[in-house]
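Notes for the structure review
Single-letter residue listing:
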Amino acid sequence: MAHRGGAANPSVETLKARFPQFFVSAEVIWGETTVYIAPAGALEVVRWLHDDAGEQYDYLVDVTAVEYRDMEQPIEVVWHLRSIPYRRFLRVKAQLPKGEPLRVPSVYPVYKGADWLERECYDMFGIVFEGHPDLRRILMWEQYREGFPLRKDFPLRGRFSRAEQLRQALSANPEAKYSMEELTIADAFEDLPSEMRQRLSGGERTGE
């Protein structure tokens with residue numbers, strides 16, 4: 001087809017030579033290069049793309065995932081990388097077969113910006129990024145049990161009845177979605193002036 005083909009990103013050949021055990025294939029569509037790699041090599045390949053002097057993909061644009069309507073087609077994890085010094089864009093994909101645990105190494109050790117992006121993929125698709133320091137839901141609440149909203153098998157009306165959804169919402173602890181590190185109320189109290197701490201300790205209520 002007309003939109004396929006053309007000159008590939010020069011990083012593809014060097015990546016293929018450097019990681020033959022992880023390289024799967026590459027294609028050019030609308031002038032943009034996509035390289036497919038084995039999921040197990042994600043961190044190693046991305047680290048090389050970031051660190052190698054001839055590559056320098058120093059900007060992680062996005063981490064996302066794609067699930068197609070074809071139930072046999074694997075779910076794809078997608079990394080969008082940009083090398084600002086060389087003005088190159090590279091799309092890296094790893095395919096995760098359905099019916100198996102959706103696991104792939106986290107690239108957080110290379111790009112700290114992957115933190116929330118990987119959490120979003122986990123929240124929406126159920127993909128586990130191994131090695132992520134704080135992998136938990138980011139858009140849905142911690143107690144959300146209906147599944148992963150961007151999966152094709154997700155029921156649009158929910159897995160549970162409205163009554164069950166309401167019961168779960170009312171029984172949820174609203175503070176449970178925060179980590180103890182985020183709950184710094186106690187620390188903030190210690191930072192208050194002594195006179196204010198004394199008044200609040202005595203039961204004084206303010207702002208009402």
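Report follows, based on the coordinates. Position numbers for residues start from 1 in each chain and track the written sequence from start to end. Owing to the predicted nature of the model, reporting of local features is limited to residues with pLDDT of at least 70; listing and counting of side-chain atom pairs is limited to 80 or more, with chain, interface and lining totals taken over all residues. As a convention, hydrogens and water are excluded, and side-chain values are obtained from all of the structure's heavy atoms.

**Describing the environment of Tyr59**
- Every helix listed is a DSSP run of H or I at least four residues long, and every strand listed is a run of E at least two residues long, numbered separately from the N terminus. Positionally, Tyr59 belongs in strand E3 (residues 59–66).
- Here's how the labels work: a residue is buried when its accessible area is under 20% of the maximum for its type, exposed when over 50%, partly exposed in between, all with a 1.4 Å probe on protein chains only. Residue classification places Tyr59 among the partly exposed positions, given a relative accessible area of 40%.
- Residues within four places of Tyr59 in sequence aside, it is in contact with His80, Leu81, Arg82, Ile84 and Tyr111. Throughout, a residue-residue contact means that at least one pair of heavy atoms, one from each residue, lies within 4.5 Å.

**Quick word on the nonpolar core**
- Judged by nonpolar contacts, the single largest core of 36 residues is most densely connected at Leu15, Leu49, Leu60, Trp79 and Ile127.
- Put simply, the parts of the chain that give this core at least two residues each are helix H1 (11–18), strand E2 (32–37), helix H2 (42–51), E3, strand E4 (75–83), strand E5 (88–96) and helix H3 (114–125).
- When near neighbours in sequence (up to four residues on either side) are disregarded, Leu60 contacts Trp79, His80, Leu81, Val107, Tyr111, Gly113, Ala114 and Leu117. Nonpolar cores were defined as sets of buried Ala, Val, Leu, Ile, Met, Phe, Trp, Tyr and Cys residues, with membership established by side-chain atoms within 4.5 Å.

**What to know about the pattern of salt bridges**
- Should a side-chain nitrogen of Lys or Arg be within 4 Å of a carboxyl oxygen of Asp or Glu, the pair is scored as a salt bridge. Following the criterion strictly, the structure yields nine salt bridges and no others.
- Ionic pairing is found between Glu27 and Arg4, a salt bridge with its closest N-O pair at 3.0 Å. One end of the pair, Glu27, is in strand E1 (residues 23–29); the other, Arg4, is in the segment before H1, and 23 residues separate them in sequence.
- On the accessibility criterion, Arg4 (40% relative accessible area) is partly exposed.
- Notably, a salt bridge pairs Glu67 with Lys98, separated by 3.1 Å at the nearest N-O pair. Of the two residues, Glu67 sits in the loop between E3 and E4 while Lys98 sits in the loop between E5 and strand E6 (103–105), which places them 31 residues apart along the sequence.
- What emerges from the salt-bridge pattern is a single network uniting Glu67, Lys98 and Arg151.

**Quick word on the side chain of Asn9**
- By secondary structure assignment, the location of Asn9 is in the segment before H1.
- On the basis of relative accessibility, which here comes to 8%, the residue Asn9 falls in the buried class.
- Whenever two N or O atoms come within 3.5 Å, that pair is a polar contact, provided that in protein one can donate a hydrogen and the other can accept it, and provided that, for residues adjacent in sequence, both atoms are side-chain atoms. Within the structure, the side chain of Asn9 is placed 3.1 Å from the side chain of Tyr57, a separation counted as a polar contact.
- Non-local contacts of Asn9, meaning those with residues more than four positions away in its chain, are made with Thr33, Tyr57, Arg88, Phe89 and Leu90.

**Let's talk about the environment of Ala8**
- Structurally, Ala8 can be placed in the segment before H1.
- Sequence separation of Ala8 and Leu90 is 82 residues, and the distance between their C-alpha atoms is 9.7 Å.
- Excluding its chain neighbours within four sequence positions, the residues that come into contact with Ala8 are Val28 and Thr33.

**Some remarks on the sheet that holds E1**
- Strand pairing is defined by DSSP finding a minimum of two bridges between the two strands. Spatially, the five strands line up as an open sheet ordered E1-E2-E5-E4-E3, and their pairing is mixed. A strand with exactly one partner marks an edge of an open sheet, and here the two such strands are E1 and E3. Here the strands of the sheet are splayed against their neighbours by 20° on average, with no regard to which way each runs.
- Across four bridges, the pairing between E2 and E5 is parallel. Each residue of the ladder has a partner; that of Tyr36, found in E5, is Lys93. A fitted line through C-alpha atoms represents every axis, and for helices the fit uses only the stretch in contact; the resulting angles, taken between N-to-C directions, go from 0 to 180 degrees.

**Section: the pairing of E4**
- Extensive coverage of E4 is indicated by the burial of eight of its nine residues.
- Where E3 and E4 come together, seven bridges link them in antiparallel fashion. Counterpart to Leu60 in the pairing with E4 is Leu81.
- Judged from the nine bridges that link them, E4 and E5 form a sheet pairing that is antiparallel. When the bridges of E5 are listed, Leu81 appears paired with Leu90.
- As consecutive antiparallel partners, E4 and E5 are separated by four residues, and within that stretch Arg87 has a phi angle of approximately 55°, a positive value.

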